[in-house]
Number of protein chains: 2
Amino acid sequence: MEGDPTLRLRVFNLNCWAIRYLSKQRQERIRLIGDMLRREGFDLVLLQEVWSEQDYSNLKAKLGGCYPFSYYFRSGVIGSGLCVFSRFPILDTLLYQYSLNGYPYMLQHGDWFCGKSVGLDTCWDGGHDRFAPHSRQLHAEYCREKDGYLPHRLVQAWELAQFIRHTSKAADVVLLGGDLNMHPEDVGIRLLRGWTGLRDAFAEATRFEGCEDGCTLIPNNCFTVKSELLPFPLGIRIDYILYKAVSSFTVKCEEMKTTTGTAPGTDIPFSDHEAVMATLHIQRQGQAAGANLGTAEPTLVDVVTEARTEVGVGLGAARRQRYSTGRMAVLALLLLLLQAAAALGTLAGLAAGQPFPKLSFSLLAFLAIGVLLLATCLHLFHTIEVKMLQGTEEQMRMALRVLQERL
Amino acid sequence: MEGDPTLRLRVFNLNCWAIRYLSKQRQERIRLIGDMLRREGFDLVLLQEVWSEQDYSNLKAKLGGCYPFSYYFRSGVIGSGLCVFSRFPILDTLLYQYSLNGYPYMLQHGDWFCGKSVGLDTCWDGGHDRFAPHSRQLHAEYCREKDGYLPHRLVQAWELAQFIRHTSKAADVVLLGGDLNMHPEDVGIRLLRGWTGLRDAFAEATRFEGCEDGCTLIPNNCFTVKSELLPFPLGIRIDYILYKAVSSFTVKCEEMKTTTGTAPGTDIPFSDHEAVMATLHIQRQGQAAGANLGTAEPTLVDVVTEARTEVGVGLGAARRQRYSTGRMAVLALLLLLLQAAAALGTLAGLAAGQPFPKLSFSLLAFLAIGVLLLATCLHLFHTIEVKMLQGTEEQMRMALRVLQERL
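Predicted, not measured: the structure shown is a model, and the values here were computed from it.

**Comments concerning the interface of chain B and chain A**
How big an interface is tends to be reported as the loss of accessible area on association of its parts. Facing the 45 residues of chain B at the interface are 45 residues of chain A. For the interface between chain B and chain A, the tally reads 0 salt bridges. At the junction of chain B and chain A, the tally comes to 0 residue pairs in polar contact (both at pLDDT 80 or more). Within the residue set of the side of chain B that touches chain A, elements represented by two or more residues are strand 3 (69-72), strand 5 (90-97), strand 6 (117-124), helix 3 (150-167) and helix 7 (358-406) of chain B. In terms of residue class, the side of chain B that touches chain A is made up of 21 nonpolar, 15 polar and 9 charged.

Next up, the structure:
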């Protein structure tokens, strides 16, 4: 951008749904994604749910020519699933893992094992611009009516917003691409956009082409679970490209596109999510841009208050679970002590004979040990949960104080 | 600082060693610390190892008058132990938890449970300056000769350095206070200082008063474990105040002090660590300061290479542990399957009689289940460890590439 005051930046974002052994036609889809990325030659490609490092390596080998720079973020047991391919040098990376990410015992949902996180790259276009693209994924929503994960997702949205605020201060342009697992009007998205000043490429785009309402999880896609989309005949929009200019730049979204159920030229989709593609027009301007907040402050106060209330509800639930798991651990310990006393009594010859059959006695002891261990682990887990929810509530309270002082 | 181009900033840092039920004379020492902080009126107070929220609340109540702003960072099972008291408004906070922090089964060391982390506050002195004080603590060193935690501590030092680099770009002055659990010449400290450009208040101070060589863990202190300090007759220096100016400011350390074994005016120390106090002279200058790196680049290349080698050694160890725990889990599973087959065989009447006594049979099954669970948990844990060490090694490789390109 040295000399040329404008830059057209083409960004691609996709939740690839590439879970080894579980995702359908994974290898074929990864091949199709690679072919398309090589053909289209985007400037920045943000991918989520590339859980297998082998898939990343295959993509890297295929895309080396047109995307010389790439990075795979490692975290959690399985990984973060996040990777970035870039036409511009990646100067630096930072991974931030959310402090809360579901429950380890909800095996069927699996979020806890995935170490969901946000990855930050600093890229440089060789001129004066530094981009800070963030690729990320929030905790999935499994049941909209009774959404037990909402407080966790709000903590994540808040931590994401804080991370972006703190790490993007010296960037020229901030980009966030990812599957945020939230509908556009949800409190988490309003909080994220309001607190960071990020703008939604779909809402701002001059031209749009793709699924109606920009939906990215649609009934037309053969991999989506149709029953989950019953209340939403058009589908839902949960994958986003968000952006903002920080210093003396302006960013406009010229064009936004989504895929529409199948990959162009084939009969299968790239993923169960639709890909989103934005063309951003970045222009240097004389003076530094001002205001960092995305929403008028009184509205923002309402949004933060609403989020804080939800976090408070989650805090109540976490406290109750901490209490009940603690009580269960104490009961198991008491049972064990009782058994130990009985066994000692028998050994010391106090009791006339063996009060229980040996087998039931030892089975009961093992059961008590098992319950004690499990309940203790859960109690520790919910203790951490309470602490993190308290911390987030406290931070939101502080943010509200600062906002209200400004008003 | 509006109008006045200089500011004297007095910073206090102490590892308080305030573990409920374990630390000696905890409440008395917290009271002494509070009295002294109220008397001295520092500008910024960074405390570590305040594990009990009650102690924080007591300090907050006592110090409300002279330090109107404070924050307690919550994390982990027990907490982060970090808190900050400030004369300036705290505008914003962010907590970063290290991805590796010891082993959950090393109960005697306990680091894993403490959620060691770095806390960032943004403070504002009412004029133009924004400070970004970071309070933090790294994984403790338990045995210098055979230091199994070195790779973890290096990952933490690297993550800390990256966190500071990414979050301090828009700050005027960056401060880092904490118990870093590393000697001044250790590779972790050289990495941290080199990669962030932070300067050591002790080394830069015009005047110094306190323990010889600035030591903060000394044999004179009645709470230190004398046997650990045998190889170091003067003591060791592991608590630091580091600083740098980022934008158009200069910072000089006018004076540095440590306590010397006992709290002034009493016969007991504040903690097993000595407190460090620095008076910084912050001056606005016309033009923005340049270079961000603290060490000449060829030296920095050596430091990062050394750190990367150590992380590689840790990676090898973690891979071996992942393998051996995985093998143990598989063996336990095989034993269980064998038992299940034997039991089914007996039920189906294939065997002539009961091959084992029932009690031993069920005890063995429970043992196998226990080993299977434990080995699986450890295997998952070491899988995460391998991923994080790999990630850090990859980031260091990237940093080396960028550094070498610059040379």
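Still to come is the rest of the account.
**Regarding the confidence of the model for chain A**
All names here are of chain A. Residue-level pLDDT values for chain A average 82, and 81% of them are 70 or greater. When the elements of chain A are averaged for pLDDT, strand 7 (residues 130-137) gives the smallest value, 56, and strand 10 (residues 207-209) the largest, 94. Here residues 139-144 scores under 50 on pLDDT; set against residues more than four positions off or in separate chains, the count is 25 contacts. If you check the scores for this complex, the pTM reads 0.79 and the ipTM reads 0.73.

**Brief notes about the sheet that holds strand 10 of chain A**
All names here are of chain A. A sheet is described by the order of its strands in space; here 7 strands give the open sequence 3-4-2-1-13-12-10, paired in mixed fashion. The open sheet terminates on both sides in strands that have one partner only, identified here as strand 3 (69-72) and strand 10. Shown here is a sheet whose adjacent strand axes are inclined to one another by a mean of 20°, direction ignored. Strand direction decides the pairing type here: strand 1 (residues 6-18) and strand 2 (residues 44-50), joined by 6 bridges, are parallel. Bridging across to strand 2, N15 finds its partner in Q48.

**With respect to the environment of B:L46**
Considering the arrangement of structural elements, one finds B:L46 in strand 2 (residues 44-50). Sequence separation of B:L46 and B:L176 is 130 residues, and the distance between their C-alpha atoms is 9.0 Å.

**Quick look at the UniProt feature "transmembrane region" (unreviewed entry) in chain A**
What UniProt calls "transmembrane region" (unreviewed entry) maps, in this numbering, to residues 329-353 and 359-381 of chain A. For residues 359-381 of chain A, the helix share is 100%, the strand share is 0%, and the end-to-end C-alpha distance is 33 Å.

**A short note on the side chain of A:Q162**
Mapped onto the fold, A:Q162 is located in helix 3 (residues 150-167). Setting aside residues no more than four positions away along its own chain, A:Q162 makes contact with A:W195, A:Q395, B:D92, B:T93 and B:L94.

**Quick look at the relation of the copies chain B and chain A**
With an axial shift of 0.0 Å and an RMSD of 0.0 Å, the rotation relating chain B to chain A amounts to 180°. Those values place the two copies in the arrangement expected of a two-fold rotation axis. No C-alpha of chain B lies nearer the rotation axis than that of B:T167, which sits 2.4 Å from it.

**Overview of the domain arrangement of chain A**
Residues and elements named next belong to chain A. According to the domain assignment, chain A consists of domain 1 (7-284) and domain 2 (296-346 + 356-405). Listed as interface residues are 20 residues of domain 1 and, on the opposing side, 20 residues of domain 2. Summed over both partners, the interface of domain 1 with domain 2 buries about 1700 Å², with 77% contributed by carbon and sulfur atoms. The interface formed by domain 1 and domain 2 contains 1 salt bridge. As a salt-bridge pair, E306 and R190 come within 3.2 Å of each other at their nearest N and O atoms. There are 4 residue pairs in polar contact (both at pLDDT 80 or more) connecting domain 1 and domain 2. Put simply, the parts of the chain that give the side of domain 1 that touches domain 2 at least two residues each are helix 3 and helix 4 (187-196). Examining the composition of the side of domain 1 that touches domain 2, we find that 8 residues originate from one element, helix 3, more than from any other. Of the residues that constitute the side of domain 1 that touches domain 2, the class distribution is 13 nonpolar, 5 polar and 2 charged.

Calculation criteria
Residues numbered from 1 in each chain as written. Chains lettered and ligands numbered in written order. Predicted model: local features only at pLDDT ≥ 70, side-chain atom pairs only at ≥ 80, totals over all residues. Heavy atoms only, no water. Contact = heavy atoms within 4.5 Å. Salt bridge = Lys/Arg side-chain N within 4 Å of Asp/Glu carboxyl O. Polar contact = N/O pair within 3.5 Å; in protein donor to acceptor, adjacent residues only side chain to side chain. Helix = DSSP H or I, 4+ residues; strand = E, 2+ residues; numbered from the N terminus. Nonpolar A, V, L, I, M, F, W, Y, C, P; charged D, E, K, R; others polar. pLDDT = per-residue confidence, 0-100. Pairing = 2+ DSSP bridges. Axes fitted to C-alpha atoms, helices over the stretch in contact; angles between N-to-C directions. UniProt positions renumbered as here; feature names shortened; annotations may be inferred. Least-squares fit on C-alpha atoms with pLDDT ≥ 70 in both. Domains from an automatic or database assignment. Buried area = accessible area lost by both parts, 1.4 Å probe.

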